[in-house]
Amino acid sequence: MHPTKTICIVGVTGNQGGSVAQRFLQDPTYHVRGLTRDPSSTKAQELAAQGIEIVQANLDDTSSLKSAFAGANIIFSVTNYWEPFFRADCRQNAAELGISCRKYAYDVEYQQGKNIADAAAATAETLDENGFIVSTLSQAGRCSGGKFEELYHFDAKADVFPSYVQSNYPELARKMSCVQTGYFMSSYKLVPDAYFGRADDGSFEMAFPTAPDAAVPHFNVNADMGNFVYAVAKMPPGKSYMAEGTTCSWTEYMRLWSKVNSVPASYRQITLEELIDRTPDAEFGREVGDMFAYSTEPGYDGGDRELLHAADIRKASSSPHRTHTATPHGANHWNSPFEASTLTSSGTTTAPYTSPQPTTPESSTTPSTSKPAKQAP
Ligand SMILES: NC(=O)c1ccc[n+]([C@@H]2O[C@H](COP(=O)([O-])OP(=O)(O)OC[C@H]3O[C@@H](n4cnc5c(N)ncnc54)[C@H](OP(=O)(O)O)[C@@H]3O)[C@@H](O)[C@H]2O)c1
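Residues numbered from 1 in each chain as written. Predicted model: local features only at pLDDT ≥ 70, side-chain atom pairs only at ≥ 80, totals over all residues.

As annotated in an unreviewed UniProt entry, the protein chain is dna, SC026 from Aspergillus oryzae. Annotation of the protein chain in UniProt includes, under Sequence similarities (unreviewed entry), the sentence "Belongs to the NmrA-type oxidoreductase family." (UniProt positions renumbered as here; feature names shortened; annotations may be inferred.)

Visitor: Describe the overall build of the protein chain, naming the residues involved and giving the relevant values.
Guide: Scanning the protein chain from terminus to terminus reveals 16 helices and 13 strands. Taking all 377 residues of the protein chain together, the buried fraction comes to 50%. Excluding contacts between residues fewer than 6 apart, the proportion of contacts in the protein chain whose partners are at least 24 apart in sequence is 75%. (Helix = DSSP H or I, 4+ residues; strand = E, 2+ residues; numbered from the N terminus. Buried ≥ 20, exposed ≤ 12 C-beta atoms within 10 Å, placed from the backbone. Contact = placed C-beta atoms within 7 Å.)

Visitor: Describe the nonpolar core, and please don't skip the residues or the numbers.
Guide: It is characteristic of soluble globular proteins that their nonpolar side chains tend to be buried jointly. Ranked by size, the top nonpolar core spans 103 residues in total, and within it Ile 9, Phe 76 and Val 229 carry the most contacts. If one sorts the elements of this core by residue count, helix H6 (residues 101-121) sits on top with 11 residues. Not counting the four nearest positions on each side in its chain, Ile 9 is found in contact with Gly 17, Val 20, Ala 21, Val 32, Arg 33, Gly 34, Leu 35 and Phe 76. (Core = buried A, V, L, I, M, F, W, Y, C linked by C-beta atoms within 7 Å.)

Visitor: Summarise the sheet that holds strand E7 (residues 183-184); cite the residues concerned and give the values.
Guide: Reading across from one edge, E7-E10-E12 is the order of the three strands in this open sheet, with mixed pairing throughout. At either margin of the open sheet sits one strand with a lone partner, and together these are E7 and strand E12 (246-248). Here E7 runs beside strand E10 (residues 216-219); their pairing, made up of two bridges, is parallel. Paired with Tyr 183 across the strands is His 218, a residue of E10. (Pairing = 2+ DSSP bridges.)

Visitor: Outline the sheet that holds strand E5 (residues 132-136), supporting the account with residue identities and numerical values.
Guide: Strand order across the open sheet formed by seven strands is E3-E2-E1-E4-E5-E6-E11, with parallel pairing between neighbours. Looking along the sheet, the strands with just one partner apiece sit at the ends: strand E3 (53-56) and strand E11 (240-243). Direction aside, the axes of adjacent strands within the sheet are offset by 20° on average. Across five bridges, the pairing between E5 and strand E6 (residues 176-181) is parallel. When the sheet's bridge partners are listed, Thr 136 is paired in E6 with Gln 180. Running at roughly 160° to strand E2 (residues 30-36), helix H1 (residues 15-25) makes contact with strand E1 (5-9), E2, strand E4 (74-77) and E5 of the sheet. Where helix H11 (residues 221-233) meets the sheet, its contacts fall on E4, E5, E6 and E11, and the angle it forms with E6 comes to roughly 155°. (Axes fitted to C-alpha atoms, helices over the stretch in contact; angles between N-to-C directions.)

Visitor: How would you summarise the confidence of the model for the protein chain if you had to cite specific residues and measurements?
Guide: Of the residues in the protein chain, 84% reach a pLDDT of 70 or more, and the chain-wide mean stands at 87. This stretch, residues 320-375, has a pLDDT under 50; its non-local contacts, to residues over four places away or in other chains, come to 118 contacts. (pLDDT = per-residue confidence, 0-100.)

Visitor: Which residues make up the packing of helix H3 (residues 62-69) against H6, and what are the values?
Guide: Axis separation between H3 and H6 bottoms out at 8 Å; the angle between their running directions is 45°. One way to sum up the angle between H3 and H6 is to call them oblique. H6 is crossed by H3, and the crossing has right-handed handedness. Mapping the contact onto sequence places Thr 62, Leu 65, Lys 66 and Phe 69 in H3 and Asn 115, Ile 116, Asp 118, Ala 119 and Ala 120 in H6. Among the residues making up the contact of H3 with H6, the classes are represented as five nonpolar, two polar and two charged. (Parallel < 35°, antiparallel > 145°, perpendicular 65-115°, else oblique. Left-handed = near helix turned anticlockwise from the far one by under 90°. Nonpolar A, V, L, I, M, F, W, Y, C, P; charged D, E, K, R; others polar.)

Here it is in C-alpha cells:
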C-alpha cells in the first residue's frame, strides 16, 4: 500500500517525537517525515534507514519549518525547555541579559513554539481535520491562581499551545489537539538523590515537595507517546488530553517499587528548600521543585477536570487494539512497578493503543546513584 498521508514530526530524534515516528511507521498509509537540526547525526541516519524522510529544520528558523511542514496532513509538535536551560552559551546569554536561566529557557521555548505555530498556520489548509497535535503542559500561573508564576517549563508550552494558537490562528486552532504528558518514568535518572535517597535506617527514600497522597500521572514516554498520539489522531479535533500510564501518588509509587524490587522504600514530603539543597544545580532544583509542589494543588494537570484520558479514547473508539501500558523496555526498571500497578491497583489508567510487547519485569534492581545527566524532564 502506498502512503496517502504525510505526518511531519518535530523532535523525531528525541523521546516524544521518536515514539510518535515509530507508531506511524507501522501504518502504511502514512509517509513519515522527521525534522532535525542535523540530518547527519547517527540517530537521524538510523531513522532514515527505517524509511523516515529526514529533513533539516531549526525551531529558531520559521522559514525552515514552513518548508518542512509544507503539504503535511498531520504535524506533531514538541519543544524542549531543557536544552537552553542547560547549555553553557545560553547560561552566559542569560547572565548578560540579567535574567535567570529559567526565564531564558522560557523565552527560547516560547519563541520556538510560536515559530512552529506560525509555520503550521501557513499549511493549515493541507492539515487533516485533526491535523495539529501538540505536546504541552498545563498553564501553571493561571491554574494556580497566581501562586506558581515561575513554573516556566509548563507555561512556555501552554502560553503557545493553546493560547497563542487560539488568539492568532482560528483555523489552525480548530484542527489542534493538545496532549499533556505525565511524569516520564525515566526522569528518576535526573535527580537520583531525590528519587532514591537513603533514610537514616538505610532504606530507600523518595523525597519531593508533593503531598504524600496527591495523585500524579506517570508516563512511559518512549513506549507510549506514539500509541497515545496515534489514538488522538483518530479523535475529533479541539480536545485536550493527559497522556499517562498509571496515575498514583508518590507514596503508592514507592510502595510498588519496594514490592517489585523487594527492598524497603518509602516516600517523604520535603520542602522546596530541602529539594533545592539536594539538587546539584539550584536553578534546576527550583524549577522542578515548583513542579512537585504544583502537583499537589492545583495538581500536575492544573486541576483541569475536562482533560481526556486513555479510558475516554477507548470509550470513543471501536479499535480492538486495547491493552495495558506498562511495557518494560530496555534497562528502565521503573516499568516494573507499573507493570505491577496495572495488575493490582484499582483506579489505574492505561494507554489506549499500546502494542503488545514482551513483559519481563526485572527483579531486585538497584537504583542508580550516579549524578544527574544533562538530559532533563
Ligand atoms: N521528563 C519529564 O518527566 C517530562 C514530562 C512532561 C513533559 N516533558 C517535556 O518534554 C520536553 C522534551 O521532550 P523530549 O524528551 O521528547 O525531548 P528530547 O528527547 O530531549 O529531544 C529533543 C528533540 O527536540 C529537537 N530539537 C531541540 N531543539 C531544536 C531546534 N532548535 N530545532 C529543531 N529541533 C530541535 C531535537 O532534535 P535534534 O537535536 O535532532 O535537532 C530532539 O529531537 C521538554 O520540554 C519537557 O519539559 C518532560
